[in-house]
Structures are given as structure tokens and as C-alpha cells.
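Close look at the chain arrangement
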Protein chains: 4
Amino acid sequence: MPLNHTANGVYAIATTPFLDDFSVDTKSVDRLTDFYAEAGATGITILGIMGEAPKLEYEESLGIVRQVVGRSKLPIIVGVSAPGFAAMRRLARESMDLGAAGVMIAPPSNLRTDDQIRGYYASAVEAIGEDIPFVIQDYPLTLTVVMTPAVIRDIVNAHLSCVMLKHEDWPGLEKISALRKFQGEGSMREISILCGNGGLFLDFECERGADGAMTGYAFTDALADIVRLQAAGNRDAAHDMFDAHLPLIRYEQQQGVGLAVRKYVLKKRGLITSDLQRKPAGALTAKAREEVDYLLSRVARHDPRAVI
Amino acid sequence: MPLNHTANGVYAIATTPFLDDFSVDTKSVDRLTDFYAEAGATGITILGIMGEAPKLEYEESLGIVRQVVGRSKLPIIVGVSAPGFAAMRRLARESMDLGAAGVMIAPPSNLRTDDQIRGYYASAVEAIGEDIPFVIQDYPLTLTVVMTPAVIRDIVNAHLSCVMLKHEDWPGLEKISALRKFQGEGSMREISILCGNGGLFLDFECERGADGAMTGYAFTDALADIVRLQAAGNRDAAHDMFDAHLPLIRYEQQQGVGLAVRKYVLKKRGLITSDLQRKPAGALTAKAREEVDYLLSRVARHDPRAVI
Amino acid sequence: MPLNHTANGVYAIATTPFLDDFSVDTKSVDRLTDFYAEAGATGITILGIMGEAPKLEYEESLGIVRQVVGRSKLPIIVGVSAPGFAAMRRLARESMDLGAAGVMIAPPSNLRTDDQIRGYYASAVEAIGEDIPFVIQDYPLTLTVVMTPAVIRDIVNAHLSCVMLKHEDWPGLEKISALRKFQGEGSMREISILCGNGGLFLDFECERGADGAMTGYAFTDALADIVRLQAAGNRDAAHDMFDAHLPLIRYEQQQGVGLAVRKYVLKKRGLITSDLQRKPAGALTAKAREEVDYLLSRVARHDPRAVI
Amino acid sequence: MPLNHTANGVYAIATTPFLDDFSVDTKSVDRLTDFYAEAGATGITILGIMGEAPKLEYEESLGIVRQVVGRSKLPIIVGVSAPGFAAMRRLARESMDLGAAGVMIAPPSNLRTDDQIRGYYASAVEAIGEDIPFVIQDYPLTLTVVMTPAVIRDIVNAHLSCVMLKHEDWPGLEKISALRKFQGEGSMREISILCGNGGLFLDFECERGADGAMTGYAFTDALADIVRLQAAGNRDAAHDMFDAHLPLIRYEQQQGVGLAVRKYVLKKRGLITSDLQRKPAGALTAKAREEVDYLLSRVARHDPRAVI
């Protein structure tokens, strides 16, 4: 079923596991895919920045799409950001043919003006086709592209196939409020808003009107709890769960080294065999691993899933 | 007494309070200055980025130096970063004449190569004079200048007047370890390392060898506790105090809007009369203020100083 | 007389000459000021980026305003770009009190979105007052801020005191055409457009509808010829003069080292006593000086003013 | 024969021609390939930035390598810059298998420190293999990565397979002198230096010690003349030819729109069938085309090859 604006819950940003020879570890791909569903994820996003997509060859990328789509009953979003539209189109259309639910497109880092941003998404939609549901990735910290709420509204209104925002502006709470206000006053179509940034503001993002999270924090299950508790109006309990994980969320959210932390924890949880990354890769020193272990032990006082 | 490499504890990054007509609120300057000492700060840094230094006229800046130096028994560091060396020299020398302990210099954002960074600090030292102790501000997130540990070592070794690093690289834990390793093996003079970034990693920074914090988080007293507990080897207690404050620290550390949060909390604590900023300024919506109030109420469960 | 939208011709971007002790060389300031008028300039812009404005102390800046305004009968524009609005306001108002015709404001390099740019100029106008005519400096190569024609139109229409664009986008010819089209269709007030970028596209900029140049190329007299010839419809002659100077224009337009070239030529022309710059400064090697000398000898084959 | 440090003359940066349906125009590829040799080029570089490489699918890229290598007797350099090392390795090795002489690698735009740059090239060499001769592309204006001469020396000395620098720093003349000085004093292996930047400083680059040009200016034949005249010590004649083309060289060197100018001229010269670019693409207005025509007519007064 194609992705639409009612998507909510937690879409796990999937890590791409590698074997010691740096080939894709297909067994771990299966294990992770199963885990995300068991952990309460409502969808999976593959081939994102944290999925090391730019480090893969095309056939490897397509192989991962095929495997995850074939294995999971959840809707699968495929990151198709690429330096050129030819490659973007091909991956988008082949992924949809394989059964993906939609694609995600990040803007290239040289865009500056509102016109350039709107124009880029218009060209991207023209390239992939108007029939493929897509997600805007709004991540200025890494991509250096700043989109105002009004620009996002323009893109949404110009393209019916735009159904979701992966929101990871920083700071970003007011942006969620602004977009929901647009919808409330009828100036913007409804879209799903799922939040990234490693979950660092998930506690309040739900309260501002986000539909959930799309991020790869190693405790997908905890993210699912937080979103569920907030949806149920259980504010204090949601914050309690969030605060218990925040020291580790914050540690994992470090630029450059964050993926190493995430893979280390996923490995400790038994979900992937190796925490290797393809180059260029951040790495954890022994001291850093000890810090993560210590943080896990502290999380474990509140959340037994961190007992590992 | 001039600043030297033994400095430790918490240097508060002082906020600059304004009255409703946007003039400097000298009464609040006094109150804040007194508070920092009472809160356990071991020094005060004025005219930093979060002190809205670039928004002040020269005479206002010098007035604040005169007032704070006159009022406090703590060593005062003055931010003297400026677009040109003439202005930097003047503020540095006049501040020292007024009794400041040292100055802080951030690199201009157009520096890229190692040579450019080293060259800039050499020119800055030539400009202000070799007799003024100075602090390197290493803040790539805002300044976009990336200094390797080796470059910092080069600056330290080239200039005896370099006595401290305001460390706010992100991620930055390994940088502290690298610099302390340089000292341990004898390849770098000893310096003081005080950490910024709003305190977001203060829990581990102390464990990595930092001498404390230099940041403006509205609970200077809590920062002082954390540094003191870590210095006493009381790891769990330090982390407990840190974790209690982390949700608010994280909220205050938002780029652009963070200072509004900080001033709002300082006002609620009765330390400044108004939370106005000079333009350009981030502002808090009613919803954001409610979120800060909620965070304060949650911190208050662990730290009575947050009961306000 | 205050600056208005009818300004045209060549506004010389004034170099700030220094003596060997790095103090402002007031005699050379007078000589340069006189030269610009004799060379056919219709205005002078002081305290711009190439006037080393950020390297001056406030009193020095004001001293230069006083001296040039007092000496010249031409309208004087003062660059008042500053990290904060307090300093901008003060320099703007004191300059106007001294007799300046208007001020120029460049956007700070952290602006990204259309809203941020519009908002910045609104705040600047609020700061300096609506009664001071101002010039937008649009120089993305150095300032990293990209303004679309539509954003410039918004600023012009929002602020009656906006009377001129210093156009130095690159590429920029279509921007001139777009702005003139706005005026033609009545969607934008009339403004003066003077072009910078060292004059590198002045040949065609006039044909696109620019009113002239605002730049500091060391042959102000040649620039004035080109603008005059184009205004007279003498296309080929204008291009002949331009092409004769282009090799040197291009050499002087090198980022970082360009001002050293310009001052070297001005010194050779007898207009300033020393080509020293305040730090940080690009410098010319012996080889580079020989190259400039060679270029001058080649220009001299077509333009006797280059015989030096 | 594999590329080595003795390479000199003019390596043409090949344009990639497209048909009206945006597929690669293989007939024009042949025509261009033949033209470059006839025009006096000593080598051809394909799949560079101006060859729209990021807009091609992998098979298309490889198809172009196969075609050009099969057609030309000149050494062919293949641009293999890629977001990840897997794709870089594959294109590099398959290109060499097809008969390419070497590859060119540009640094990714997020590199800042000297260490990061050295480390990136070390990883790239590890990825493609030490047996493939490679060219460093040093193009800060577009890539935002700044390499000092010392860093280039480090890369050259660390990797025997580094045989050439595509020099397009701006300003860059002193960099050539610095590198040749390193060679002269024996601190750096000999490398070939070919200059890009559209040829905007080719007149002096040869005099500084460059071995020639690697750029795509539409008059390859004129570039070859300039390099040949300089090599023969015929300085004035070289500058005469350069100056005749400089107005057009300058016009073609505009960021973003330059490729449209280049393709327009190549089409007028009968070398490609269509001047279409794949999106995103700069385009020429009627006014811009008229300007290019006018420039061509002016160049034609000195160089009959511009009579078209």
C-alpha cells in the first residue's frame, strides 16, 4: 500500500549491517527487519544517511530494498537522494516496482533560496514521476539547507505526491506548530510529520503535533513507547520514558560518531553481528565504549530492555 | 591575578541583561554577578556570544567590564573577538587595565586550513600583546572553524600567553583525551580546559580530563555541583545531578532560541528583571514557555533549586 | 543632498591608505578623494569591505567619514555593516550628521532563507531610522547570502529609504534584467543599480540596465569612460576600453589578494603613499608585482593612463 | 599508457552532449573526441563536473568511457569522484580495464582540516588500489575544500600513484610557485600541474610553472596555442592570444551558467548537435545568447576560428 499522509508511529531508520569483509550482512538485515516490527515500529526507512546509502553500489542498494520489502509487512520508505536525477529516478521506480511504499528525498547542500528549494523538488517530482509518494527530508544541520514552513507548504501544495515530512530541523518545535497551523487554517494539505534528529526532542515534538518519529536510535522499542504514551495523553509517563533514555539519545546524536554508537548498541542487543561501517567511518575508542556501557547500565535502572 | 593554566571549576558565561528600553540593566548585572559567586562559580566570562557582545557599542562593552570587574572577586575573562585586530587590541588592553584576568578569542568563520588558524592566533597575540593571558574558543558548530588537537597544540606551544581552551567542539570527548595525552607525553604545555556547549556533555567531559565548565546554563549551581562531584570521584552522584538537568540543558542548547530560554529561566529565578534581547533575537512562544515551565517542574523533583 | 534612485555613473569604492606605522594616512585620503572626482567618479563609497572597514576602530572610521565628506563635493556613501544594530545605528546616524549622502548595508553571512533576509533589512531600517537612504549590498561570493530578484523587490517595496542596489552577484546579468523588468511592469519602485565585482562584467551590465559601477578598480577613470560610452550608445568603443583593461581587472579581482593588487597600482599611480594593509592582509610577491607591471605595460598600449 | 608526471599541454575537459530526449548523443561524443585531438589537445578528461557526471547513471558513465577510450589515441582521464568509495573503486577499476590512463578525484565538500584531506586521499587510494594513477582536483570555489601547498605535498609524497594536480584554486598563482619550489628543493616528488578555472589565469599559470591546462573552454585550440607559445618562450604572443579570448573565457567562467555558454559555443562550432543539459541546468536567455554572439564576433577579429 502506498504511503500516505495518515502515517504515524515510529518509522525506524534502518542501519545497514556489514560483515567483516565489508559486504552487506544479509542475515543481520533480516534480524533487524524483524526486530523493528517486534519493537513496535509502524514502518521502516532504508538507505538513509545513517544507512550508509552513499557508500553502497547501486546493485547493493537495490538488493537491500528487495530483501527488506520481501521480508517485512511494514511499509518501507527508500531514501533515493542522489547527486543527479537519473540515478534518483531509477532507484525510485525500481524500488516501487519491488513493493516499496514511498521514497525520501533530501535537498542537495548547495540550495540556498526559497525558489531553489521549491524548484529542486519540482524537478525531482518530474524525474521520479507524480505517482510515487515522497517524503521531504528537512535536516539543515547536516544538509545546510534551510526550509521555512512556508516553503514546505509550497512544496506540499504543489505536489500531491508529497505525503510526509521527515522533520529534523534544529530547533524545530515551532516549525511543527507552524505547519499544523497551516493545516488548521486550511492553507496546506494534511501531511504526516515524523521527527528525526535521533529523537532528541521527541518528548515535545509529539505534543506539538508530530505524528511520531522517524529515526534510528537503537531503542526503537522505547521510541514506540514514547509515541504511544503521548498519543494516549499520558504526558508524564512519556517524559519519564524519554528522560530515562535521554542521556544515551544525546550521546548517540553526536555528529560523525553517532552511527558508531548506534551500531555498537545494536550489536550488544544482538541485532547485528558486527558494528563495522564502511569508510569513511567514525569509530569508538575503548573509553567511548565504556561510556556507552555505563549509560546503558543507567538506562537499565528504568528500562529493562537496556539490560545487556 | 592573571588567568593561568590552573583555572578550574565553573566559569559562568554571563548573560547581558537589558531593560525594556534595551539599555543595559546595570542592577541586574550586579545581581547576576553576585549570583554566580554564590552559585559556586570560580570565574565569570563576559561579552561572549551568549552575552550578546556583538550587539553592544564599545562604551557599553567597556562599561560592563568595569562594572563586573569592580563588583566581583572572581577572575573575569572578557570576550574580545572582533572583525579586526584594532578593535580586539583596544578592548583587550583596556579590559586588562580595568582588572580583567584574561581574554577569550574566537576564530573568524572564514578560516579553513590549519595554517590559517595558526596564523590567525599569531596575529591576534601580536595585536593584543604577549602579556595578556588568552583563551582559545573552539566552537565549530557556530563558528564553522574546525581545529584539530594538533593545531590547538601548535597554538599553545607557540604562545605562552595561551592558558586555556574553551572546548565546545561537537563531538568533543576524544579531543579532550587527545589534548591531555599530548600533555602527558610532554608534547604540549599544560592548559586549562573548560567546556561549553551549554553543558550537554559535561558529565563525561570531566571524566575525560576537563577542568570544568565554561557555559551559561541557567543553573550555574548545578553545573558547579556536577564538576565538584566529579572532582571528588563521585561518578554516579555527578551523573544523577546531570541527568536531572539534562532535559532542560538540552532544551536550552537549541541554536538561536537557546538564549531566550536561558534568560527566561534566569528571570524566573529572580536574577534578571527582563528577558529581553537586543535584535536579532530568538523569542519564546507561549507554548515554549509552558514547555520550559514543565521542564522546570520535572527538574524540581530532583533539585529544589528548580522550584520557582 | 541625500542619495536617491537617480544615482548613476561610477561610485568609487575608496581604499583606506595607511602609513608605515599602520595609522590612517590622511594625506593620501585627501589625494585619493580628489583623484576620484578628477577621474570622473560621480560618488564615493567609503568604509566598504575593500576599504578595510572591519580593521578600523570606531573613531578612525568616523574620522574618515568626516575627512572625505568635508573634502569632496561628491555624494558619499558610508558602509555601516556591523555585527550588531547598535553599532550600525551609531555609525549611520553620525555619518549622516556629518553630511554623508547615504549608507550601505551588507547582510550577515548566516542568513539563509528569504524571510531571514527580508527580516534582517527590516530590523536594520528600524535600527538606523527610516530617514536614511540605504544601499543593499548583494555580494554572495564573499557574504554567502543569496538574494533572489524577488527578495530584493520585497525589500525595495517595503522600505522607501532603499534607493540603490550594489549589485555583485555572480553570475548576475540576468538579475539586472529581472529587476529592470520588475520596474517596467510596475511591480517594483525604481532604484539605482550600480555594479561591483571589480568591474568584471561592467561591459554587459550597463547594457542590461545598470546605472553604472560601484567598485574600486584602480582605474576609476577607465570605468567612468566605459559607463559614459555605454550611456552614449557607443557599444564597440565601450567594449574596446573594457577589453583593454580586462586582463588587469581580472587580476585585481582575485579574492584575498585583490586589494594588494589595487593598492600596489594606486601607489604606482602616485595616489597613495604606501600599499600597506592592516592585518589580516594578502601580500604581493616580487613575481606578482612583476606580473602587474607587465599587465600595466600591456594596458598602456591602449590607455595612456596606464603608462606609469 | 598510464598517466604520469610528465603530462603536459592541454587536457580537454569533455562536455557530455545529449540528444533532445536527454539520452547521451554518441555521435557528438565521437565528433568532440576527434575535435579535441585536431585542436591540439594532448589528453581528454571525461566525467568531470562540467561533463555532468553526477547526472549520469553508472552504465551511461561506463559507456562514455568505453566510447572515448576506444575512439581516441590520446590519454583519457576519468573523473571518479563519488559520494562513497565503493562506487569510486568500481568506476576507477572498470575504466582502467577499458584503457583509461588515470582517474581524477575531487574531495567531498565536508572536509575541513588538513588531516581530513590527507585522510580522505589515503582512503581513496586504498579503495581504488595503488596501481591506478590519479589526479587531485583542487577546486575550492566549487568544492569548498581548501588545500594548502603543504597538504598537496603530503598527498603526493604519501602516494606514488598521485601524478598530477588539476589546479583550480583561486587565487592560485602563488600555489603553483610554492609547489614548484617544493620540487626544486627536493621536498616533493615531481608532478604534472594542469590548470582549470576555465583558463581564466592560464596566461600567467604557464609562467609560474604549470605544465598546461585542463579545462573545457570551447576553444581548445586557442588554449593549445597559448600553452605552446608560452612553452616556446613567446610571452607577448601568448598573452595576445589569451587577451583576445579573455572576454569570452570570463563570460564562460560564470558559475552555474558557464556550461550553457560552453555548450552553446560548441554547438555553434558544429561540434555537438544540441546544447541541452540534463537537469538541474543553467540556461541562456536570448539576451545572453546575443552577448555570446557579440563576444564571438569580437574574438573573431583576432582569431579566425571564432568566425562562426
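A brief look at the structure comes next. Just so you know, these numbers come straight off a predicted model, no measurement behind them.

1. Points about the side chain of S123 of chain A
- Along the chain, S123 of chain A turns up in helix 4 (residues 114-128).
- Those residues in contact with S123 of chain A that sit more than four places away from it in its chain are F85 of chain A together with K279 of chain D.

2. Topic: the interface of chain A and chain B
- Taken together, the contact between chain A and chain B spans 35 residues of the former and 35 residues of the latter.
- Across the chain A/chain B interface, buried area totals approximately 3,100 Å², and carbon plus sulfur atoms make up 57% of it.
- When the buried surface of chain A facing chain B is broken down by residue, W170, R250 and Y294 of chain A rank first, second and third, together holding 20% of it.
- For the pair chain A and chain B, the number of links is twelve salt bridges.
- R298 of chain A is paired through a salt bridge with D243 of chain B; the nearest N and O atoms lie 2.9 Å apart.

3. Comments concerning the relation of the copies chain D and chain C
- Each copy superposes on the other: chain D lies on chain C with an RMSD of 0.0 Å after a rotation of 180° and an axial shift of 0.0 Å. Both copies of the chain, as the preceding transformation shows, are related through a two-fold rotation axis.

4. Some words on empty space enclosed by the protein
- Taken as a whole and assessed by the stated rule, the structure comprises ten cavities of 30 Å³ or more.
- Taken as a whole, the largest cavity spans an internal volume of roughly 130 Å³.
- Lining of the largest cavity is provided by 14 residues; of these, W170, L200 and Q253 of chain A together with W170 and L200 of chain B occupy positions nearest its centre.
- Residues of the lining of the largest cavity, tallied by class, amount to eight nonpolar, four polar and two charged.

5. Side note on the pairing of strand 5 (residues 134-138) of chain C
Residues and elements named next belong to chain C.
- A large share of strand 5 lies buried, amounting to five of its five residues.
- The sheet contact formed by strand 4 (residues 102-105) and strand 5 spans three bridges and is parallel. What sits directly across from I105, in strand 5, is I136.
- Where the polypeptide runs from strand 4 across helix 4 (residues 114-128) and back to strand 5, its parallel neighbour, the crossover connection is right-handed.
- Pairing analysis gives five bridges linking strand 5 to strand 6 (residues 162-167), with the strands arranged parallel.

6. Quick word on the packing of helix 11 (residues 258-268) of chain D against helix 12 (residues 286-300) of chain D
All names here are of chain D.
- Packing of helix 11 against helix 12 brings their axes to within 11 Å, and their N-to-C directions diverge by 60°. In terms of axis orientation, helix 11 runs oblique to helix 12. In this structure, helix 11 meets helix 12 at a crossing whose hand is right-handed. Residues V261, Y264, V265 and K268 of helix 11 pack against R289, V292, D293 and L296 of helix 12.
- Of the residues contributing to the contact of helix 11 with helix 12, the split by class is five nonpolar, no polar and three charged.

7. Some remarks on the environment of V24 of chain A
All names here are of chain A.
- Relative to the helices and strands, V24 is located in the loop between strand 1 (9-13) and helix 1 (26-38).
- Taking the C-alpha atoms as reference points, V24 and E60, 36 residues apart in sequence, are found 7.7 Å from one another.
- The contact partners of V24, leaving out residues within four places of it in the chain, are P17, F18, L19, V29, L56, I64 and R278.

8. Focus: the relation of the copies chain A and chain B
- For the pair chain A and chain B, the best superposition has an RMSD of 0.0 Å and corresponds to a rotation of 180° with a translation of 0.0 Å parallel to the axis.
- Both copies present the same face, since 100% of the interface residues in chain A are matched by interface residues at the equivalent positions in chain B.

9. Describing the packing of aromatic side chains
- Evaluation of the coordinates by the stated rule reveals 34 aromatic pairs over all chains.
- Note on Y217 of chain C and F219 of chain C: the rings are 5.8 Å apart at their centroids and 45° apart in plane angle, and the pair reads as tilted. One exposure class covers both Y217 of chain C and F219 of chain C, and it is buried.
- It is R90 of chain B that lies over the ring of Y58 of chain B; its NZ or CZ is 4.4 Å from the centre.
- The ring of F182 of chain B is capped by R153 of chain B, whose NZ or CZ atom sits 3.7 Å from the centre of that ring.

10. Considering the sheet that holds strand 8 (residues 212-215) of chain A
Residue and element names in this part refer to chain A.
- Reading around the barrel, the eight strands line up as 1-2-3-4-5-6-7-8 and close back on themselves, with parallel pairing between neighbours. This sheet shows a mean twist of 25° between the axes of neighbouring strands, independent of strand direction.
- By the bridge criterion, three bridges tie strand 1 to strand 2 (residues 43-46) in an arrangement that is parallel. Across the sheet, the residue bridging to I13 is T45, located in strand 2.
- Taken strand by strand, helix 6 (residues 149-158) contacts strand 5 (134-138) and strand 6 (162-167), and its axis lies near 170° from that of strand 5.
- Along the sheet, helix 9 (residues 220-231) contacts strand 1 and strand 8; its crossing angle with strand 1, the most-contacted strand, is approximately 155°.

11. Comments concerning the interface of chain D and chain C
- Listed by partner, the interface residues are 35 residues for chain D and 35 residues for chain C.
- Here chain D packs against chain C, burying approximately 3,100 Å² in sum over the two surfaces, 57% of which is carbon and sulfur.
- A per-residue breakdown of the area chain D buries against chain C is headed by W170, R250 and Y294 of chain D, which together make up 21% of the total.
- At the boundary of chain D with chain C, the tally comes to twelve salt bridges.
- A salt bridge links D240 of chain D to R301 of chain C, with the shortest nitrogen-to-oxygen separation between them at 3.6 Å.
- Among the elements of the structure, helix 7 (173-184), helix 8 (202-208), helix 10 (235-252) and helix 12 of chain D are those that each provide at least two residues to the side of chain D that touches chain C.
- The element best represented in the side of chain D that touches chain C is helix 10 of chain D, accounting for ten residues.
- Its residues placed into classes, the side of chain D that touches chain C shows 15 nonpolar, six polar and 14 charged.

Cut-offs applied
- Residues numbered from 1 in each chain as written.
- Chains lettered and ligands numbered in written order.
- Predicted model: local features only at pLDDT ≥ 70, side-chain atom pairs only at ≥ 80, totals over all residues.
- Heavy atoms only, no water.
- Helix = DSSP H or I, 4+ residues; strand = E, 2+ residues; numbered from the N terminus.
- Contact = heavy atoms within 4.5 Å.
- Buried area = accessible area lost by both parts, 1.4 Å probe.
- Salt bridge = Lys/Arg side-chain N within 4 Å of Asp/Glu carboxyl O.
- Least-squares fit on C-alpha atoms with pLDDT ≥ 70 in both.
- 1 Å grid on protein atoms, 1.4 Å probe; cavity = no way out; pocket = protein on both sides within 12 Å on 5 of 7 lines; lining within 4 Å.
- Points joined across faces, edges and corners; volume = space filled by probe spheres on them.
- Nonpolar A, V, L, I, M, F, W, Y, C, P; charged D, E, K, R; others polar.
- Buried < 20%, exposed > 50% of the residue type's maximum accessible area, 1.4 Å probe, protein only.
- Pairing = 2+ DSSP bridges.
- Right-handed = clockwise from strand over helix to strand, strands pointing away.
- Axes fitted to C-alpha atoms, helices over the stretch in contact; angles between N-to-C directions.
- Parallel < 35°, antiparallel > 145°, perpendicular 65-115°, else oblique.
- Left-handed = near helix turned anticlockwise from the far one by under 90°.
- Phe/Tyr/Trp six-rings, centres within 6.5 Å; stacked < 30°, edge-to-face > 60°.
- Lys NZ or Arg CZ within 6 Å of the ring centre and 35° of its normal.

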